[in-house]
Structure formats: C-alpha cells, structure tokens
Amino acid sequence: VTFVMITGGIDLQAGSIVGLTSIVLGLLWQDAGLNIWLAIPLSLVVGGLCGLLSGFFVAYTGVQPMVVTLGGMFLYSGLAIAVSNLSVSSAFEGISGFPDAFIQIANGRTFGIPNPFIIFIVLIVIAYILLHKTKYGRYIFLVGVNRNAAEYSGIRSKKIIMSAYALSGIAASVAGVVLTSYLGSSRSDLGSELTLPIITAVVLGGTLTT
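Here goes a summary of the coordinates provided. (Residues numbered from 1 in each chain as written. Predicted model: local features only at pLDDT ≥ 70, side-chain atom pairs only at ≥ 80, totals over all residues. Heavy atoms only, no water.)

### Overview of the overall build of the chain
Inference 1: Across its full length, the chain carries 10 helices and 4 strands.
Inference 2: In summary, the chain has a C-alpha radius of gyration of 17 Å against a globular reference of 17 Å for 210 residues, a match within 12%.
Inference 3: Seen through its C-alpha atoms, the chain measures out along the principal axes to roughly 55 × 40 × 30 Å.
Inference 4: Across the 210 residues in the chain, those meeting the buried criterion constitute 44%. (Helix = DSSP H or I, 4+ residues; strand = E, 2+ residues; numbered from the N terminus. Rg over C-alpha atoms; globule rule 2.2 N^0.38 Å. Buried < 20%, exposed > 50% of the residue type's maximum accessible area, 1.4 Å probe, protein only.)

### A word on the nonpolar core
Among soluble globular proteins, nonpolar side chains are generally buried collectively.
Inference 1: In terms of nonpolar packing, the biggest core is built from 29 residues, with Leu20, Ile23, Leu25, Ile36, Ile40 and Phe102 touching the most fellow members.
Inference 2: Contributions of two or more residues to this core are made by helix H2 (14-30), helix H3 (36-61), helix H4 (65-84), helix H5 (100-107), helix H9 (157-183) and helix H10 (195-204).
Inference 3: No other element matches H2, which puts 10 residues into this core.
Inference 4: With sequence-adjacent residues up to four places away left out, Ile40 is seen in contact with Leu25, Phe102, Ile105 and Val177.
Inference 5: Ile140, Val143, Ala150 and Ile155 belong to the second-largest nonpolar core, a separate cluster that totals 16 residues. (Core = buried A, V, L, I, M, F, W, Y, C linked by side-chain atoms within 4.5 Å. Contact = heavy atoms within 4.5 Å.)

### Some details on the packing of H5 against helix H6 (residues 115-132)
Inference 1: In the contact formed by H5 and H6, the axes pass within 6 Å of each other and the chain directions differ by 70°. The angle between H5 and H6 falls in the class roughly perpendicular. Contacts between H5 and H6 involve Gln104, Ile105 and Ala106 from the former and Asn115, Pro116 and Ile119 from the latter.
Inference 2: For the contact of H5 with H6, the residue count by class is 4 nonpolar, 2 polar and no charged. (Axes fitted to C-alpha atoms, helices over the stretch in contact; angles between N-to-C directions. Parallel < 35°, antiparallel > 145°, perpendicular 65-115°, else oblique. Nonpolar A, V, L, I, M, F, W, Y, C, P; charged D, E, K, R; others polar.)

### Some remarks on the pattern of salt bridges
Inference 1: Tallying each qualifying case throughout the model produces 2 salt bridges.
Inference 2: With a closest N to O distance of 3.1 Å, Arg187 and Asp189 form a salt bridge.
Inference 3: Exposure remark for Arg187: the relative accessible area of 23% places this residue in the partly exposed category.
Inference 4: Residue Asp189 is classed as partly exposed on the basis of its relative accessible area of 36%. (Salt bridge = Lys/Arg side-chain N within 4 Å of Asp/Glu carboxyl O.)

### Comments concerning unusual backbone geometry
Inference 1: A positive phi angle, close to 55°, is found at Phe111, a residue other than glycine.
Inference 2: With respect to the helices and strands, the residue Phe111 is situated in the loop between strand S2 (109-110) and strand S3 (113-114).
Inference 3: Under the relative-accessibility criterion, Phe111 is labelled exposed at 84%.

### Observations regarding the packing of aromatic side chains
Inference 1: On inspection of all chains with the given rule, the structure shows 4 aromatic pairs.
Inference 2: With a centroid separation of 5.0 Å and 40° between ring planes, the pair formed by Phe98 and Phe102 is classed as tilted. Each member of the pair, Phe98 as well as Phe102, carries the same accessibility label: buried.
Inference 3: Ring pairs connect the aromatic residues Trp29, Phe98 and Phe102, which therefore count as one cluster. (Phe/Tyr/Trp six-rings, centres within 6.5 Å; stacked < 30°, edge-to-face > 60°.)

### Some words on H10
Inference 1: Burial in H10 covers these residues: Thr195, Ile199 and Val202. What you see down the axis of H10 is that its buried residues fit within an arc of 60°, all on one side. With respect to the buried face of H10, the exposed residues turned more than 90 degrees away are Leu196 and Leu204.
Inference 2: Check the buried side of H10 and you find it contacts helix H1 (2-6), H2 and H4.
Inference 3: The first or second residue beyond H10 is Gly206, which carries a positive phi of 105°. (Arc of directions from axis to C-beta.)

### A look at the environment of Arg147
Inference 1: Among the structural elements, Arg147 can be located in helix H8 (residues 147-152).
Inference 2: When the C-alpha atoms of Arg147 and Ser157 are compared, they prove to be 6.7 Å apart, with 10 residues separating the residues in sequence.
Inference 3: Among residues more than four places away in sequence, those in contact with Arg147 are Ala59, Leu142, Ser157, Lys158 and Ile161.
Inference 4: Here the side chain of Arg147 touches Ser157 through a polar contact of 3.4 Å, side chain to side chain. (Polar contact = N/O pair within 3.5 Å; in protein donor to acceptor, adjacent residues only side chain to side chain.)

### Remarks on the packing of H3 against H5
Inference 1: For the pair H3 and H5, the least separation of the axes is 10 Å and the interaxial angle reads 50°. For the element pair H3 / H5, the angle class is oblique. In this structure, H3 uses Ile36, Trp37 and Ile40 to contact H5, whose residues at the interface are Ala101, Phe102 and Ile105.
Inference 2: Tallied by class, the residues present in the contact of H3 with H5 amount to 6 nonpolar, no polar and no charged.

That's the geometry; what it means functionally is another story.
This is the structure in structure tokens:
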C-alpha cells in the first residue's frame, strides 16, 4: 500500500484481498485437490490480478482511487463469500486441516527466529530495493510528485500506477497466506478488519502523499 500512496492514490481493498486469497487457497487445496505449494502461488496471482484490475480503473478512468478501491473492497469481499460457498465447508466454518509443513510457515522458526518475522524482513528489503535502487522506484516517486511531468518525461504513468496496485494486491495475498497458516484455517472474512490498521501503518511509517 505504501507504493500506492506514494503515487498519490489509496488502497482500501487490501483487507478484502487478504480474505479472498485465504479462501481461494483453501478451495484450491481442498476442493481442487492441488498441492498446497502450487495453490500458494496461484492464490498470490489472484491477489495481483485484483490489484491490477483496480489499478486499471484508477489509471484509465480518472475515477478517484478512494472510490475505486472502496468498490473493490466490497467486490472482493463479496467474491470471497461467493467462492467460499463453492467449498464443501461453509463460509463460517472455514477450511482447515492443512498440512503441517504449511502450518509451519507462520508458526515455525528458522535458527530460532519466527518465520513471519523473516518473511517481513525479506519483503522490507525487496520494497527498499525497488523504491530506492531502481528506475522503477524513481518513477513511482515522480508519478506521485507530478504525474504530468512524469508523462512529459516519457514515463508511462498509467502502467506505473497499475503496477503499484498490483504489488499491493500481491502483498495483501502474502498476508492472506501467512494468516491462513497462522490460524490453520482458510476463511473469507480473514482480513475484514485490516483496512484501518493497514492505512495507519503506512501513514505512521512516514509515507508522504500528494
């Protein structure tokens, strides 16, 4: 979401993507019979596509990001419930019984360090490199400072905006996978209360918006 807010946008749908990712992961594993290690990347793709779709509307329609992502929040929450109804388990019971190896993603330790903390640090490093060590990161900042100037400089601002929302969707999906592992249950409402904490964390973290 930091990437999105640097471009001058906002993302209210990340929490809904967390829940959608969780239930899709469970459905792919339990009902579709996929190996859990194949279901994980497929669920991340779902989150990325959700972010990309919202990014498309923000970039190409001129509708305010808050309106687009608020609509996305309701859309993806409803889609998560619809997907959960396809499962043999109900939306309220969730899907459980995941393999122990998957449960260890969030509950295990590596060299005495909790795995979620390691995942967190890895994502921080990746985000730092993207924002501060690549042309893409400079484009992100320039689009946020002055979108018109970015376009006059030859930067495809629409694609940059779409990619920022896609990355936000993927990050939300990672959270969905980790939370599903931590709870040992796949639920459509998993991220329903995360929207405010996410935005608060980005703002208190020092992200400047235009």
